[in-house]
Amino acid sequence: MPLSVLRSRYLRATCVLVVATLLSACNVAPAGVRIHDPYEAANRRVHEFNKGLDRTIVRPVATTVARVPSEITDTVVNFADNTALPGMVVNGLLQADIEGVASNTLRLLLNSTVGLGGLLDPADAIGLFEQSTDFGETLAVWGVPEGAYRELPVRGPSTERDAAGGLVDIFLDPLGYALNGEQRALVTGTRVAGTLIDRGRYARTIDSVLYDSADSYAQARILYLQNRRFDLGQGAAGGAVDPYADPCAGGFEDPYADPEADPCVADPGPSQ
C-alpha cells in the first residue's frame, strides 16, 4: 500500500479519535444557563493573545489590504469562497439538506466554469447564494450539545462542539485529497487573504468590539453565541432571534457587557 495512502488513513483515524475525545468531554451547560463559560480564566488569556495578535499584525495588514481596489480583493474573496463549497456540499449531505446540497453544487459548477475557476461570482448575480455550513452545524443537526464556550488561539470565539467540528472540516474537505501540495498551499493562502480582506472591510465593527468595549472578551462572546445560535436556527430562549437585525437582541444579557459600547452600529466599510 502506498505511503501516502497510509498517511492519509492515519491522519483520518487520528482526527476521529481526537474529535471523539473532545465530544465525550463536552461540558454540557446546566439547565437555564445560557452563557456557559466554565473556562473563562483560560479563555480570557487566549483572548488577550488573540487581541495582541490582531493589534500588532492582523489589523495593520488588513488596514493596508483594505486600500487595495475592490476589483482585486473581490476576486480573491470569490476564489476563497468557491474553494470552501466542496466541504459545504459534503456537510450538506451529512445533514440530509438536499436543498443546500443542490444550491451549493450548482453554485460550485457555475462559478468554477463561467466564473473562471471562482474568480468571478455569476451565481450570486442570478440569486444562487451560498448555503454556508460546516461540521459544527452537522454535529448540531445530529444532536450534539453546544458544550462550553471556548476562545481558540488565532481562530477566536468558538464552542466545544464547533472546535471539534472545525478539526473535522480540515479532513472532510475533498480539495485536500484532490489537490497537490502546491495547490493546497495556494488554496490555504487565498483563504487567509480572504479573512484579512474581511477584517479590513468590517474594521469599524470589529474594532468597536475589541478596542472600544469596556470588556472586549464579553462582547465578543455574546455576539458570537447569538450569531451562531441564530445561524443554527436556535434562539437564546428557544426561538430564532435575528442578531443581524439587532445584534444586541437575543433574550439574554451578558453581565460583563459594556452598556455604553455599541457594536450594533452599521459598518460603512473602510474609508477609501
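Up top you'll find the structure we're talking about.
My aim in this report is to walk through the structure given alongside it, one point at a time. (Residues numbered from 1 in each chain as written. Predicted model: local features only at pLDDT ≥ 70, side-chain atom pairs only at ≥ 80, totals over all residues. Heavy atoms only, no water.)

It is worth spelling out the overall build of the protein chain at this point. For the protein chain, the count of helices and strands is 11 helices and 2 strands. Counting from the amino terminus, helix and strand elements in the protein chain follow one another as α-α-α-α-α-α-β-β-α-α-α-α-α. Per-residue burial over the protein chain gives 39% buried out of 272 residues. A sequence separation of at least 24 residues applies to 69% of the contacts in the protein chain between residues at least 6 apart. Taken as a whole, the protein chain presents about 14800 Å² of accessible surface, with 62% of it coming from carbon and sulfur. (Helix = DSSP H or I, 4+ residues; strand = E, 2+ residues; numbered from the N terminus. Buried < 20%, exposed > 50% of the residue type's maximum accessible area, 1.4 Å probe, protein only. Contact = heavy atoms within 4.5 Å. Areas by Shrake-Rupley, 256 points an atom, 1.4 Å probe, with all protein chains shown as cover.)

In this section: the pattern of salt bridges. Enumeration over the complete set of coordinates arrives at 14 salt bridges. The salt bridge involving R229 is made with E146; its shortest N-O contact spans 2.9 Å. Separated by 83 residues along the polypeptide, R229 in helix α11 (residues 216-231) and E146 in the loop between α6 (135-141) and β1 (149-152) bring together distant segments of the chain. In this structure, R229 and E146 share a single accessibility class: buried. D162 is the partner of R228 in a salt bridge, and the nearest nitrogen-oxygen pair spans 2.9 Å. Here R228 is found in helix α11, whereas its partner D162 is found in helix α7 (residues 160-172), with 66 residues between them in sequence. On the basis of relative accessible area, R228 is assigned to the buried category, the value being 13%. A single network of salt bridges, built from pairs that share partners, joins D37, E40, R44, D215 and R221. (Salt bridge = Lys/Arg side-chain N within 4 Å of Asp/Glu carboxyl O.)

Here we come to the side chain of E146. By relative accessible area, which is 18% here, E146 ends up buried. Only 2.9 Å separates the side chain of E146 from the side chain of R229, close enough to count as a polar contact. (Polar contact = N/O pair within 3.5 Å; in protein donor to acceptor, adjacent residues only side chain to side chain.)

This structure, assessed with the given rule, holds 3 aromatic pairs. Taking the centre distance of 6.0 Å and the plane angle of 70° together, the rings of Y149 and Y217 count as edge-to-face. Linking Y149 in strand β1 with Y217 in helix α11, this pair joins segments that are 68 residues apart in sequence. Among the aromatic side chains, those forming a connected cluster through ring pairs are Y149, Y217 and Y224. We note R150 situated over the ring of Y39; from NZ or CZ to the ring centre the distance is 4.2 Å. (Phe/Tyr/Trp six-rings, centres within 6.5 Å; stacked < 30°, edge-to-face > 60°. Lys NZ or Arg CZ within 6 Å of the ring centre and 35° of its normal.)

Attention now goes to the environment of G194. Within the secondary structure layout, G194 lies in helix α9 (residues 181-201). Linking G194 and D81, residues 113 residues apart in sequence, is a C-alpha distance of 8.3 Å. Setting aside anything within four residues of it in sequence, one finds G194 in contact with V76 and V77.

The interhelical angle for the contact between helix α2 (residues 40-65) and α9, taken along N-to-C directions, is 85°, at an axis separation of 8 Å. What the angle tells us is that α2 and α9 run roughly perpendicular. Contact residues: α2 offers D54, V58, R59, V61, A62 and V65, while α9 offers L196, I197, R199 and G200. Residue classes in the contact of α2 with α9 are distributed as 6 nonpolar, 1 polar and 3 charged. (Axes fitted to C-alpha atoms, helices over the stretch in contact; angles between N-to-C directions. Parallel < 35°, antiparallel > 145°, perpendicular 65-115°, else oblique. Nonpolar A, V, L, I, M, F, W, Y, C, P; charged D, E, K, R; others polar.)

Counted at 1.5 Å a residue, the expected span for helix α3 (residues 70-94) with its 25 residues is 36 Å, and the 35 Å between its end C-alpha atoms agrees. Along α3, the sharpest change in direction is near 30° and occurs at P86. What α3 keeps buried is the set T73, V77, A80, N82, T83, L85, P86, G87, M88, V89, N91 and G92. Lining the buried residues of α3 we find α2, α4 (98-113), α6, α7, α8 (175-178) and α9. Taken from the residues just after α3, A96 is the one with a positive phi, measuring 60°. (Expected span 1.5 Å × (residues − 1). Bend = angle between axes of the 7 residues up to and from the residue.)

Moving on, we get to the nonpolar core. In this structure, I35, Y149, Y217, Y224 and L225 together form the largest nonpolar core, which totals 5 residues. If sequence neighbours within four positions are ignored, Y149 has contacts with H36, D37, Y39, N43, P157, S158, T159, Y217, A220, R221, Y224 and L225. (Core = buried A, V, L, I, M, F, W, Y, C linked by side-chain atoms within 4.5 Å.)

A word on unusual backbone geometry. A positive phi is found at A96, a non-glycine position, where the angle reads about 60°. Here A96 falls in the exposed class, since its relative accessible area comes to 59%. Not every positive phi belongs to a glycine, and V154 is a case in point at roughly 70°. The topology assignment puts V154 in the loop between β1 and β2 (156-159).

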